[in-house]
Amino acid sequence: MLLTVENLDVTFNTGDGPLHAVRGISFELDHGQTLGVVGESGSGKSVSTQAMVGLAAGAHVTGRALLQGRDLLTMNPAELSAIRGPQIGMVFQDPLSSLHPQFRIGWQIAEAIQRHERGSAKNVRARVIKLLDEVGIPDPDKRIDDYPHQFSGGMRQRVMIALALALRPALLVADEPTTALDVTVQAQLLDLMQDLQREHGTAILMITHDLGVVAGVADNVITMYGGRIVERGTRTEVLGNPHHPYSKGLLGSVPRGGSQRTELQSIPGQPMSLLIDQPGCPFAERCAFVQDACLDSFPDARDISPTQKSNCILPADFAGPVVLPTIPAAETELAKSGDILARISDVRIEFDGARKGLLGLTRDKITAVDGVSLDIRAGETLGIVGESGSGKSTLARALTGLIPLSGGTIEFEGHDISTFTAAQRHSLRRDVQMVFQDPFGSLNQQRRVGSIIADPLVIHKIADGKALRTRVQELMEIVGLNPEHFNRFPAEFSGGQRQRIGIARALALNPKLIVCDEPVSALDVSIQAQILNLLSSLQRELGLTYVFIAHDLAVVEHIAARVAVMYHGKIVETGPVEQIYGAPSHEYTRSLLAAAPHLDDVAAEAAAALTMKIDEAR
Amino acid sequence: MPEPTVDPVVNETPDEPNAAQVARSGNEVAARSPFQLVWTRLRRDPTAMVSASVILLVIIAAIAAPLIAAWVGHGPDEQFRKEGLTPSGLPTGPNEEFLLGADNLGRDLFVRLIYGAQLSLIVAFVATVGALGIGTLVGMTAGFMRGKVDTVLTWLMDTTLSLPQLLFAISLVSLVGPSFGTTVIVIILFSWAPIARVVRGQTLSIREREFVEAARSLGASNWRIMRVDVLPNLVVPILVYGTLLIPQAIVFEATLSFLGLGVLPPTATWGNMLAAASTGSMYTIAWWMLVFPSAALLSVTLAFNLLGDSVRDALDPRQTLFAKKRRVKKLKTKEIAK
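Residues numbered from 1 in each chain as written. Chains lettered and ligands numbered in written order. Predicted model: local features only at pLDDT ≥ 70, side-chain atom pairs only at ≥ 80, totals over all residues. Heavy atoms only, no water.

Colleague: With reference to specific residues and values, describe the overall build of chain A.
Modeller: Along the backbone of chain A there are 22 helices and 22 strands. Taken over C-alpha atoms, the radius of gyration comes to 26 Å for chain A, in line with the 25 Å a tight globule of 618 residues would show. Viewed in the frame of its principal axes, chain A has a C-alpha envelope of about 75 × 75 × 55 Å. Relative to its 618 residues, chain A shows a buried fraction of 55%. Of the contacts formed within chain A by residues at least 6 apart in sequence, a portion of 69% connects residues at least 24 apart. Charge separation in chain A, taken as the distance between the mean sites of 57 positive and 71 negative side-chain charges, equals 5 Å. (Helix = DSSP H or I, 4+ residues; strand = E, 2+ residues; numbered from the N terminus. Rg over C-alpha atoms; globule rule 2.2 N^0.38 Å. Buried < 20%, exposed > 50% of the residue type's maximum accessible area, 1.4 Å probe, protein only. Contact = heavy atoms within 4.5 Å. Lys, Arg positive; Asp, Glu negative; His and termini not counted. Charge placed at Lys NZ, Arg CZ, Asp CG, Glu CD.)

Colleague: Go over the overall build of chain B with me, naming the residues and quoting the values.
Modeller: Across its full length, chain B carries 14 helices and zero strands. Reading the secondary structure of chain B in the N-to-C direction produces α-α-α-α-α-α-α-α-α-α-α-α-α-α. A buried classification covers 44% of the 338 residues belonging to chain B. Long-range pairs, those at least 24 residues apart, make up 71% of the contacts in chain B between residues at least 6 apart in sequence. As presented, chain B carries roughly 17400 Å² of accessible surface, and 67% of it is formed by carbon and sulfur atoms. (Areas by Shrake-Rupley, 256 points an atom, 1.4 Å probe, with all protein chains shown as cover.)

Colleague: Explain the pattern of salt bridges to me, and be specific about the residues and the numbers.
Modeller: In this structure the tally under the stated criterion is 29 salt bridges over all chains. Between Asp-158 of chain B and Arg-197 of chain B there is a salt bridge, with the nearest N and O atoms lying 3.1 Å from each other. Of this pair, Asp-158 of chain B sits in helix α7 (residues 147-162) while Arg-197 of chain B sits in helix α9 (residues 180-206), and the two are 39 residues apart along the sequence. Across the salt bridge formed by Glu-208 of chain B and Arg-207 of chain B, the nearest N and O atoms sit 3.1 Å from each other. Taking the relative accessible area as the measure of exposure, Glu-208 of chain B reaches 53% and is therefore exposed. Each of Arg-348, Glu-350, Asp-370 and Lys-570 of chain A takes part in one network of salt bridges that share partners. (Salt bridge = Lys/Arg side-chain N within 4 Å of Asp/Glu carboxyl O.)

Colleague: Explain helix α14 (residues 422-431) of chain A residue by residue, including any values.
Modeller: Residues and elements named next belong to chain A. Those residues of α14 that fall on the buried side of the exposure criterion are Leu-428, Arg-429 and Asp-431. Buried positions in α14, seen along its axis, are confined to an arc of 155 degrees and lie on one side of it. Residues of α14 that are exposed and point over 90 degrees away from its buried face: Ala-422 and Ala-423. (Arc of directions from axis to C-beta.)

Colleague: Report on the pairing of strand β21 (residues 562-567) of chain A, specifying residues and quantitative values.
Modeller: Residue and element names in this part refer to chain A. Burial of β21 is extensive: five of the six residues sit out of reach of the surface. The sheet contact formed by strand β15 (residues 381-385) and β21 spans four bridges and is parallel. Along β21, the bridge assignment pairs Ile-384 with Ala-564. Sheet analysis places β21 next to strand β22 (residues 570-576), joined by six bridges and oriented antiparallel. Counted as the bridge partner of Met-566 is Ile-571 from β22. The loop that links β21 with its antiparallel partner β22 comprises two residues; one of these, His-568, has a positive phi angle of about 50 degrees. (Pairing = 2+ DSSP bridges.)

Structure (structure tokens):
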């Protein structure tokens, strides 16, 4: 066995008392295998690996972590540093901040090699070039002398992989390696990591929140929650035939191919606080099947199959694939009318770029949106998908009047908004609202939640005094917040709750159109499902029209009725969801869909395996 | 008991929550407001507590100055030529009657010191509030409006900052004549610009944040965004800068008084007292005339500076978190080594 972790336990001392981040986890990883560690934020998945390699500053770590028989946890910093590199390679989430901006990338990789091995400068340089070639960087002999900023995000992550694999470590720890990247780049990188694994027999410890990524690359999967491993098994077992209610909840929360008429099975409640030391199952609080015994002690592992183990008291036959219930396609009255609420015609948006010329008097123009035409029909959800830099967020801001147009027109209910007077534009704000991506950044931390939600009502002088408070509490209730909490600050709410606050603010003026700019991309999957379900039910109840912008194809497929695919500021394809996802006509759409991780394939694989087992039993 | 956040729209729990679930829901970490958090952190910081105590003590003494004078029986400007001076006319040192000794005119140094504290603090507070007000207004306007307004205001800040302070102050005072009001105005004149620069920088980054964009999309006016969204986020730098500005103002006032350009004698200020100590090298025979006002000046400015640092740490713990973590780790490795 390459890596054996026994009873790893990590505690941080914080200003609020000890934070028990990892609570006695054990797992193994063999040569050439990929172990996927899945869990939401706060599950302890990253901390456990950081603690293992001595990178969790200020943590109190106990247990054992044997790498080829040597315990990492008893090593001193010098010994650990000698092991990081030749034996453990690491790739982190953010390729922007993991490379030093002031040094050439070749120099950075060479430094890592020379830290552990002696070699002539010429030899090392040759090795670096070979490494860069291996990770698929074109013209490695030229690019070796480039600086990090001269590479794209995906290329930088390739450089990071080259750096991590420079000394051919037996173990590669990849902590959310593709989370910050676009799907097409993600697919390339995952392929690359698998190729390198096949070639060199590297073991990969893949930490991610994305079940799709795990479905694509992992041999074995561990599900973590609240600092504990709740379920483990092979990929097909955990993803296709999960036993633990949390694994099931996670799988039920993820939108997947063909999920648009399904209701996501979100996990109720919020992630637990690690400051409370509870002896029982950490998931008990959110579990629909909780029993008294769950609160007293953490259940022992139950064998579901020889390789699948679940720490849950439910009987083994509870295991089974997650099937999402379908809901009838209930079109709202408004949607049936087919009226056009807004019409975007040939819109161009340009930004000033770098100054040029001797005096810097002229500037380059950067075209973010280049001749986009779209109809938004009343009562529908129009999805706009695209990768970063495609101009989808710029288009959203233009639609809400935050960015002026450089060309073309936007008509709202038949009126060209560019000809509006200031007063008309002010009242347009009532009809068009926006939900932002960042649940942390889009709320002013210094103001109480009640006053944030009341903002639109105060600005448009709609209510004050007691009526204002009543309306705010009503809005909080609509979005599923406790109306008693209007006096709290945003910092006291979790990410999902904050997004609900943002939605309540957008609903305050009874708008006709809500533009959602990546409203769920910053949220954990179980919370993401809650928000998606909330948006859907609000649409049904309040007759809203959504423009839903996202990079996640599955999320858009789930929520939208029509989809527009954006690429380099242009819309390459528009059509009903079934058509775009079922029979894409544009090359770019096809490559996007091919790159998106498919959870469904694993589920199908598992179902097939299950029927085979049943057949054998007969 | 905190309410379980039950969610009417999305809650998918199949049945009524059972007893076990209800039992768990009471187990919430008590949420605390940002202010409470800052206060807790400050209370745990010994430096902050000691500095705050020193400052509080000085403030109480300054407020109670007339009471103390009555209790000692010496007015601040009263001269006790018989008791306070030796037959040869030299000031007496600290004794039972004059706790900190007397000065060259036979005045009680202790009482003068406390009256000096009163004046120093009033000048410092008034000047600081004035400078913060002007600095914040100018900085926020420049940062938020950008464009030409910013260019003009930044130019104004840079000009103010490039003036030779003391020289300018001396010529200004000799034009208008020294007084309490002049002192305050001179201090404000030279203190608002650094604040305006800090505030402008902060505002530049705050105006790009998503919540400002959200406010814009709601139709909020510029004035409203500045007041409601930008200003509350400037409280931290303003508060920190304010605590650090007070000691600067105290020293500035002392400097002006020392040079005879501030509050005029016989009114007791720390600067005047130091000036008295240095006239005719009095301090060579009466060390207490130099040591006590200097010590007062030093301890008060030091206390304000340390408190300012602590307040900044408490308001933004992330900045110092890593340093602290490293310290913790060092301690731990030491323990292990033992």
